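# Structural characterization, general
Listed here are the chains, written in short residue letters.
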Amino acid sequence: MARPLAFHGTVFHCLENAQTEVLRDCLLVVAGDGRIAHIRDGVARHALQDALEQVQLDEPPRLRILSRFEFLIPGFIDTHNHACQWAQRGLGGGLHILEWLEQVTFPNEAAFQDVEHARTVYTACVDGFIQQGVTMCSYYGSLHSEATKILADICVAKGQRALIGKCNMNRNAPEYYRDASAAESLQATKSVIEHVRAIDPTGHLIKPILTPRFAICCDDELLAGLGAIAEQNPDLPIQTHFNEARQEIDATLGLFPGFTDEADLYRHYGLLTPRTILAHCTLMTDEEIAKLRQAGSGVAHCPIANSTVGGGFMAAPVSKFLEAGIKVGLGTDNGGGFSSSILDAIRQAIIVSNARHLMTGEPPLSVWQCFYLATLGGAKVCSLDDTIGNFRVGKDFDGLLIKTQVPGGIMTMVQERDSLQTMMEKFLISGDDRNIAEVYVKGRRLKG
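In this text the structure is predicted, and so the values were computed from the model without any measurement. (Residues numbered from 1 in each chain as written. Predicted model: local features only at pLDDT ≥ 70, side-chain atom pairs only at ≥ 80, totals over all residues. Heavy atoms only, no water.)

Let us look at the sheet that holds strand E10 (residues 206-208). Read from one edge to the other, the open sheet built from four strands follows the order E6-E7-E8-E10, with strand pairing classed as parallel. Either end of the sheet is taken by a strand with one partner, and the two such strands are strand E6 (76-82) and E10. Going from strand to strand, the sheet's axes swing by 15° on average, the running direction of each strand aside. Relative to E10, strand E8 (residues 161-165) runs parallel, the two sharing three bridges. The residue of E10 that forms the bridge with Ile164 is Pro208. (Pairing = 2+ DSSP bridges. Helix = DSSP H or I, 4+ residues; strand = E, 2+ residues; numbered from the N terminus. Axes fitted to C-alpha atoms, helices over the stretch in contact; angles between N-to-C directions.)

Below you can see the structure in the form of structure tokens.
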């Protein structure tokens, strides 16, 4: 139990209806166990002591008074990330997805057989995401179970919340980088699940996640085995790539001719569930959208990767997903683009939605909708919205303290006449990690 902590100042977060709420003169109190014990708007500075005395805590909290140019927001949630691609970011732009895997990604990921290499890269990866305000990340590891266990150890040690999965792939990959068999892949997966549960038995910080790379790399036996594990462990989330590019879709249906689309394929194997995270979903029919809504699965929207690697400018129909009631969050996809920043993902999501608006007439996304996707929307996709995503009493305090005025910063300058919403918008559109002064996960400060 740490000492309780209290903040007084401006707070931005999203409500269940995806609207952004601005709390002015807000008192937010974090208990020693890292959960939000109290939140109240409109508390005048002179009334702070009386307000704090009304909060039932074991000891008085440390009080932080925020300036007019500082505010709190929930931590960023990255719903799709390959931790093992941290050292290949920016490579292979312009390649089609399958060529990109063969020429860039598979050789890079194969190096994680060396556990010291894994430790070095994963340490840099987790540090890098914490620096950029990612308090929760859904990580794909490589296919190596020992390296994936190291990723889990690092997340626990550094305090980052995460879903962590050993990548399953036993075909259509080089001999030097594939699981030896479906049985071996499933056994290694179970070993990783056991390890993650052993180092965090409560699952309060990290959880295992089933991670078939995509159906192209998994045979029937492997997909069926993963579906059986999912059925036996109803708490296990699942993540995979879904309708990422035309080349990938055609290859998948060529391997599984008995299915009309990828939704039917994953549903058949028990992998299309309310706890499934589907990365990309760029080329979607109305029938597939309806199937995702019926299954309750979530979409990890990766606008940077989808306009950098894969073969074409692929703009996912996010507005249609939201209109259909499908859960949507943002993903950086790490090696599949030019940036690992959720702030950049917010900006690119706006850009590609504007492009899609011109192509299809679908409504473009606003900056505030993208803020929702980066926080509460992502929490819903990861089935963690009962714990994180916004500031509600009883939820864990995963938050970022934003400073709009920092030495050497390049964020759009703030002015005395700027409203709170204007300052926030300037941060979302032009800020960077220098403006993310402090990072908290479950009340523990990881940066600052």
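What follows deals with the packing of helix H13 (residues 367-381) against helix H14 (residues 420-430). Remark: H13 packs on H14, axes separated minimally by 11 Å, with the N-to-C direction vectors making an angle of 65°. As summarised for this structure, H13 and H14 are arranged roughly perpendicular, according to the angle between their axes. By crossing handedness, the relation of H13 to H14 is classed as left-handed. Only Gln421, Met424, Glu425, Leu428 and Ile429 of H14 make contact with H13, whose side of the interface consists of Val367, Trp368 and Phe371. Split by residue class, the contact of H13 with H14 holds six nonpolar, one polar and one charged. (Parallel < 35°, antiparallel > 145°, perpendicular 65-115°, else oblique. Left-handed = near helix turned anticlockwise from the far one by under 90°. Contact = heavy atoms within 4.5 Å. Nonpolar A, V, L, I, M, F, W, Y, C, P; charged D, E, K, R; others polar.)

So, on to helix H5 (residues 182-199). Taking 1.5 Å as the rise per residue, H5 with 18 residues should run 26 Å; its terminal C-alpha atoms sit 26 Å apart, in good agreement. Burial in H5 covers these residues: Ala182, Ser185, Leu186, Ala188, Thr189, Val192, Ile193 and Val196. Along the axis of H5, the buried residues cluster in a sector spanning 160°; they form a single face. Of the exposed residues in H5, those oriented more than 90 degrees away from the buried face are Glu194 and Ala198. Lining the buried residues of H5 we find helix H4 (145-158), strand E9 (167-168), E10 and helix H6 (220-232). (Expected span 1.5 Å × (residues − 1). Buried < 20%, exposed > 50% of the residue type's maximum accessible area, 1.4 Å probe, protein only. Arc of directions from axis to C-beta.)

Moving on to the state of the cysteines. Here the structure, examined in full by the defined rule, presents zero disulfides. The thiol of Cys14 is unpaired, and the distance to the nearest cysteine sulfur, on Cys370, comes to 11 Å. What makes Cys14 buried here is its relative accessible area of 0%. Here Cys217 stays unpaired: no disulfide links it, and the sulfur of Cys218, its closest cysteine neighbor, is 6.5 Å away. Judged by relative accessible area, Cys217 falls into the buried class, the value being 1%. (Disulfide = S-S within 2.5 Å.)

Here the focus is the sheet that holds strand E14 (residues 298-301). On the basis of which strands lie adjacent, the open sheet formed by four strands has the order E12-E13-E14-E15 and parallel pairing. Edge positions in the sheet fall to strand E12 (238-242) and strand E15 (327-330), since each has one partner strand and no second. Between one strand axis and the next, the sheet turns by 30° as a mean value, whatever way the strands run. Pairing between strand E13 (residues 276-280) and E14: three bridges, direction parallel.

Attention now moves to the packing of aromatic side chains. Counted according to the given criterion, the structure contains 14 aromatic pairs. Their ring planes at 85° and their centres at 5.7 Å tell us that Phe7 and Tyr440 sit as a pair that is edge-to-face. Taken together, the residues Phe7 in strand E1 (residues 5-14) and Tyr440 in strand E17 (residues 436-441) connect sequence positions 433 residues apart. On the accessibility criterion, Phe7 (1% relative accessible area) is buried. Pairing Phe12 with Phe71 gives two aromatic rings, centres 5.1 Å apart and planes at 70°, and the pair type is edge-to-face. Separated by 59 residues along the polypeptide, Phe12 in strand E1 and Phe71 in strand E5 (residues 70-74) bring together distant segments of the chain. Residue Phe12 shares its accessibility class with Phe71, and that shared class is buried. (Phe/Tyr/Trp six-rings, centres within 6.5 Å; stacked < 30°, edge-to-face > 60°.)

Estimates place the volume of the largest pocket at around 150 Å³. Along the walls of the largest pocket sit 16 residues, with Arg161, Gly203, His204, Leu384 and Thr387 positioned nearest its centre. Elements represented by at least two residues in the lining of the largest pocket include exactly E8 and E10. With three residues, the single largest contributor to the lining of the largest pocket is E8. Along the lines of polarity and charge, the residues of the lining of the largest pocket split into six nonpolar, four polar and six charged. Each of two domains, domain 1 (5-74 + 390-447) and domain 2 (76-382), supplies a minimum of three residues to the lining of the largest pocket. (1 Å grid on protein atoms, 1.4 Å probe; cavity = no way out; pocket = protein on both sides within 12 Å on 5 of 7 lines; lining within 4 Å. Points joined across faces, edges and corners; volume = space filled by probe spheres on them. Domains from an automatic or database assignment.)

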